[in-house]
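Structure assessment
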Amino acid sequence: MLSRKITDGTEFVVFDMEWNQPMPGKEYPFDVSKLTGEIIDIAAFKYVYKNGELITCDSYSSAIAPVKYTKLHYHVKKVTHKKNSDLLKGDPFETAYTEFRKFCGDAILVGWGSSDPSMLKMNLEFFGMDSKLNIYFLDLQPIFSLFAGLQGSQRSVEAAVDFYNIEKNEIFHSATADAHYTGRVFQEIFKHNNPEEVNAAIESSSIDPDIPSDFSFVGPECLDSESAFKTSGNFMINCPLCERELTVKIPIFRIRKSQYALLECSEHGDIFTRAKVKKNREGHFYAAAIMRFATQNDYWLVTSKKEEFDQFGEKGKPVEKINEENET
């Protein structure tokens, strides 16, 4: 989706959160699907972009006392090394979030993975607060993969730390440590690459988490797969947010059992599309399609599939060639 331009003075807040989960088998007096995790830690480091590098300028951290999941889930306890008694020492969520949001100001929020903004919005909504974050968000993981030459794969923060030989002097899986390590990786990405190229990737990958970014379509029953694929094309004509007619950047092409395209909305930016044809129990065909505002992973996927299509056609790369490449 279209995002802010990165210029000297642009601020980034690299953050991480930890949350507790409901205990398995326990009954709660509310719908746990509305609160799949209760935030117990927020930590963040603020950076300012200047002359092609990120400069550390501030930090924030807050432990939060949960009010719904007050006993640590065994998995959370194992990963975070926390004790149940630690949950008594935190601030109320409303206080911690208000301070955190003030700390962020007009910065771009940065995290490793895309789950933290969704979890934050879920907690805000559950506790009766305004769930709009009013801030752009950048998932740093695909940015790292892009500049490390590892497109198409997801790597942990620790793997990225090892890639850049960053000293590991804190235990992973605390909010403070993971935010610190993510920030260090962010700095290294700028150090080892052309800042203009990094900024271009950031600008094309930052999203507004208050706006839906994924959309799905299930087509009507058809007698054959060709007819089913055609129904998905109708889904890919207009922007799902503003209904503007989309322009084509990479035309629809089919490889193996999937159909891909890269489209563009003049208001909201690039849109990745993929459709597959499936069969229901009655033997009828139908299309299952997705549209989403493109991230670096989507750009890599659609361009790599298009290159394969251009070289090998609709059937894709022969199996024997794939096996041969895997062996080497």
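Preceding this section is the structure that the text describes.
The present account deals with the structure reproduced in this document. Fair warning: this is a prediction, and the values are worked out from it, not measured in the lab.

What counts, and where the lines are drawn
- The residue numbering used here restarts from 1 in each chain and proceeds along that chain's sequence as written.
- Only residues with pLDDT of at least 70 get local features here, since the model is predicted, and only at 80 or more are side-chain atom pairs given and counted; chain-wide, interface and lining totals rely on the full set of residues.
- Side-chain figures throughout are based on the complete set of non-hydrogen atoms in the structure, without hydrogens or water.
- The salt bridge definition used is simple: a Lys or Arg side-chain nitrogen within 4 Å of an Asp or Glu carboxyl oxygen.
- A run of DSSP states H or I qualifies as a helix once it reaches four residues; a run of E qualifies as a strand once it reaches two. Both are numbered from the N-terminal end.
- Under the scheme applied here, a residue whose accessible area is under 20% of the maximum for its type counts as buried, over 50% as exposed, and between as partly exposed, the area being computed with a 1.4 Å probe on protein chains only.
- Residues are treated as being in contact if the distance between any of their heavy atoms lies within 4.5 Å.
- Side-chain atoms alone can form a polar contact between residues adjacent in sequence; in general such a contact is a pair of N or O atoms within 3.5 Å, and within protein one must be able to donate a hydrogen while the other accepts it.
- Only protein atoms enter the calculation, which uses a 1 Å grid: trapped sets of points that fit a 1.4 Å probe without letting it out are cavities, open sets showing protein on both sides within 12 Å along at least five of seven lines are pockets, and any residue with an atom within 4 Å of a point is a lining residue.
- Grid points are joined across faces, edges and corners, and a volume is the space filled by probe spheres set on the points.
- Each residue is assigned to one of three groups, with Ala, Val, Leu, Ile, Met, Phe, Trp, Tyr, Cys and Pro labelled nonpolar, Asp, Glu, Lys and Arg labelled charged, and all others, Gly among them, labelled polar.
- Under the counting rule used here, the positive set is Lys and Arg, the negative set is Asp and Glu, and His together with the chain ends is not counted.
- Two rings from Phe, Tyr or Trp (for Trp, the six-membered ring) form a pair when their centres sit within 6.5 Å of each other. Planes less than 30 degrees apart are called stacked, planes more than 60 degrees apart edge-to-face, and all others tilted.
- Should the NZ of a Lys or the CZ of an Arg lie within 6 Å of a ring centre and within 35 degrees of the ring normal, that charge is described as sitting over the ring.
- Should DSSP find at least two bridges between two strands, the strands are taken to pair.
- As used in this record, nonpolar core signifies buried Ala, Val, Leu, Ile, Met, Phe, Trp, Tyr and Cys residues forming a set joined through side-chain atoms within 4.5 Å.

In this structure the tally under the stated criterion is 13 salt bridges. Asp210 is the salt-bridge partner of Lys121, the closest N and O atoms lying 2.8 Å from each other. With Lys121 in helix H3 (residues 115–126) and Asp210 in the loop between helix H7 (195–205) and strand S6 (214–218), this pair connects stretches of sequence that are 89 residues apart. Among the ionic pairs, Arg256 bridges to Glu308, the shortest N-O distance being 2.9 Å. Of this pair, Arg256 sits in the loop between strand S7 (247–255) and strand S8 (258–265) while Glu308 sits in helix H9 (residues 296–312); the two residues are 52 residues apart in sequence, bridging distant segments of the chain. Judged by its relative accessible area of 12%, Glu308 is buried.

Quick look at helix H4 (residues 140–147) now. Across the 8 residues that make up H4, a large majority, 7, are buried. Within the sequence span of H4, burial applies to Leu140, Gln141, Pro142, Ile143, Phe144, Ser145 and Phe147. Buried residues along H4 sit against strand S4 (108–111), strand S5 (137–139), helix H5 (157–163), helix H6 (175–192), H7 and H9. With a side-chain oxygen positioned 3.1 Å from the backbone nitrogen of Gln141, the residue opening H4 is Asp139. Where H4 terminates, the next one or two residues include Gly149, which has phi positive at roughly 70 degrees.

Attention shifts here to empty space enclosed by the protein. Evaluation of the coordinates by the stated rule reveals 1 cavity of 30 Å³ or more. Of the voids in this model, the largest cavity is the one considered here, and its volume is about 30 Å³. Classifying every residue of the lining of the largest cavity gives 7 nonpolar, no polar and 1 charged.

Glancing now at the side chain of Lys46. Along the chain, the position of Lys46 falls in strand S2 (residues 38–50). Notably, Lys46 is buried but unbridged: the nearest opposite-charge side chain belongs to Glu11, and the N-O separation is 4.0 Å. If we ignore the near neighbours within four places in the chain, the residues touching Lys46 are Glu11, Phe12, Val13, Ile55, Thr56, Cys57, Asp58, Phe103 and Cys104.

Here the structure, examined in full by the defined rule, presents 23 aromatic pairs. Between Phe93 and Tyr97, the ring centres sit 6.2 Å apart and the planes meet at 25 degrees, which makes this aromatic pair stacked. Of this pair, Phe93 and Tyr97 both sit in helix H2 (residues 93–104), 4 residues apart, which is roughly one turn of the helix. Taking the relative accessible area as the measure of exposure, Tyr97 reaches 8% and is therefore buried. An aromatic cluster is built from Tyr28, Phe30, Tyr69, Phe93, Tyr97, Phe126 and Phe127, whose rings are joined through pairwise contacts. Lying over the aromatic face of Phe103, Lys46 brings its terminal NZ or CZ to 4.7 Å of the ring centre.

All right, on to the pairing of strand S10 (residues 285–293) then. In this structure, S6 lies alongside S10, joined through 5 bridges in antiparallel fashion. Bridge pairing in S10 links Val218 to Ala288. Two elements, strand S9 (residues 269–279) and S10, share 9 bridges in a ladder whose sense is antiparallel. Looking at S10, one finds that Lys278 is bridged to Tyr286. Between S9 and S10, which follow one another and run antiparallel, lie 5 residues, and Gly283 among them has a positive phi close to 85 degrees.

Ranked by internal contacts, the top residues of the largest apolar core, which has 34 residues, are Phe12, Leu140, Val185, Phe186 and Ile189. Looking at this core, the elements with two or more residues in it are strand S1 (11–20), S2, S4, H4, H5, H6 and H7. Looking at this core, the element that brings in the most residues is H6, giving 8 residues. When near neighbours in sequence (up to four residues on either side) are disregarded, Leu140 contacts Val110, Gly111, Trp112, Thr182, Val185, Phe186 and Ile189. Judged by nonpolar contacts, the second largest core, of 22 residues, contains Val13, Ala44, Phe93 and Leu120.

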